[in-house]
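Residues per chain are reported as follows:
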Amino acid sequence: SQEKWIQTTCSGGTGRDQMFLIMQPEQRSSTGSRHVGVCGLTSIHWIHRSAELSYYTAKGHQTAVGAGFGLKVFRTLIRYAFDDLGLNRVFGDSFAPNTIALQNLKELGFVTEGTLRQSYYKQGRYINSVIQSLLRDEYLQYRKDGAHGW
């Protein structure tokens, strides 16, 4: 079940992944669980000080989390990556059709690095993904200037 996968994903780690449960604090969701997904920094490369943003909403919880929830999750992970872990680069690898994720990262100041053509096979077809990144220097400048909501 998804609940078991979520628990397993967040219970350990290799040092290259730091995953966290996303909880719905106000109330239980329609499925009876307060866990609405997982998020974290994956593929952390400590020498190069980079990591990938990861965010998954569990089935049945997409509407429970509400508008703007993904943006809040990304913002929290980015602060953790730069302020606590001292990383230099955070990137996202989003399915090209996922315009919400792409827009969220753009809104936070991420720069599009490129498109990976037909990089995923999903539901019987190949789809592109888009790589976007934010560098520590950019993040610090945005915070200083109050740009991109920082």
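Residues numbered from 1 in each chain as written. Predicted model: local features only at pLDDT ≥ 70, side-chain atom pairs only at ≥ 80, totals over all residues. Heavy atoms only, no water.

Chemist: Mind showing me how you'd approach the sheet that holds strand β4 (residues 89–95) here?
Modeler: Two modes of strand pairing occur in sheets, parallel and antiparallel, and in both the strands are linked by backbone hydrogen bonds. Pairing is mixed across the open sheet formed by six strands, whose spatial order is β1-β2-β3-β4-β6-β5. With partners counted over all chains shown, the strands left at the sheet margins are β1 (18–23) and β5 (111–122), one partner each. This sheet shows a mean twist of 25° between the axes of neighbouring strands, independent of strand direction. Of the pairings in the sheet, the one linking β1 to strand β2 (residues 35–45) comprises six bridges and is antiparallel in character. Among the inter-strand pairings, Q18 is bridged to a residue of β2, identified as L41. (Pairing = 2+ DSSP bridges. Helix = DSSP H or I, 4+ residues; strand = E, 2+ residues; numbered from the N terminus. Axes fitted to C-alpha atoms, helices over the stretch in contact; angles between N-to-C directions.)

Chemist: Sorry if this is basic, but what is going on with unusual backbone geometry here?
Modeler: Glycine aside, a negative phi is what most residues show, and trans is what most peptide bonds show. Even without a glycine there, the phi angle at Q123 is positive, about 50°. With respect to the helices and strands, the residue Q123 is situated in the loop between β5 and β6 (125–135). Accessibility expressed as a relative area gives 76% for Q123, which makes it exposed. Backbone geometry places H148, a non-glycine residue, at a positive phi of 55°. Considering the arrangement of structural elements, one finds H148 in the segment after α5 (136–145). With a relative accessible area of 34%, H148 lands in the partly exposed category. (Buried < 20%, exposed > 50% of the residue type's maximum accessible area, 1.4 Å probe, protein only.)

Chemist: Mind showing me how you'd approach the packing of helix α3 (residues 69–84) against α5 here?
Modeler: Helix packing geometry: the angle between the two helix axes and the distance between the axes. Where α3 meets α5, the closest approach of the two axes is 11 Å, and the angle between their N-to-C directions is 110°. Of the possible angle classes, the one that applies to α3 and α5 is roughly perpendicular. Contacts between α3 and α5 pair I78, R79, F82 and D83 from the former with R136, Y139 and R143 from the latter. Looking at the contact of α3 with α5 residue by residue, the classes come out as three nonpolar, no polar and four charged. (Parallel < 35°, antiparallel > 145°, perpendicular 65-115°, else oblique. Contact = heavy atoms within 4.5 Å. Nonpolar A, V, L, I, M, F, W, Y, C, P; charged D, E, K, R; others polar.)

Chemist: What is the right way to read the pattern of salt bridges from this model?
Modeler: Charged atoms that come close allow side chains of opposite charge to pair. A complete count under the given rule lists two salt bridges for this structure. With a closest N to O distance of 3.0 Å, R143 and D83 form a salt bridge. Here the residue R143 occupies a position in helix α5, and D83 occupies one in helix α3, the gap between them amounting to 60 residues. Residue classification places R143 among the partly exposed residues on the basis of a relative accessible area of 40%. We classify D83 as partly exposed; its relative accessible area is 37%. (Salt bridge = Lys/Arg side-chain N within 4 Å of Asp/Glu carboxyl O.)

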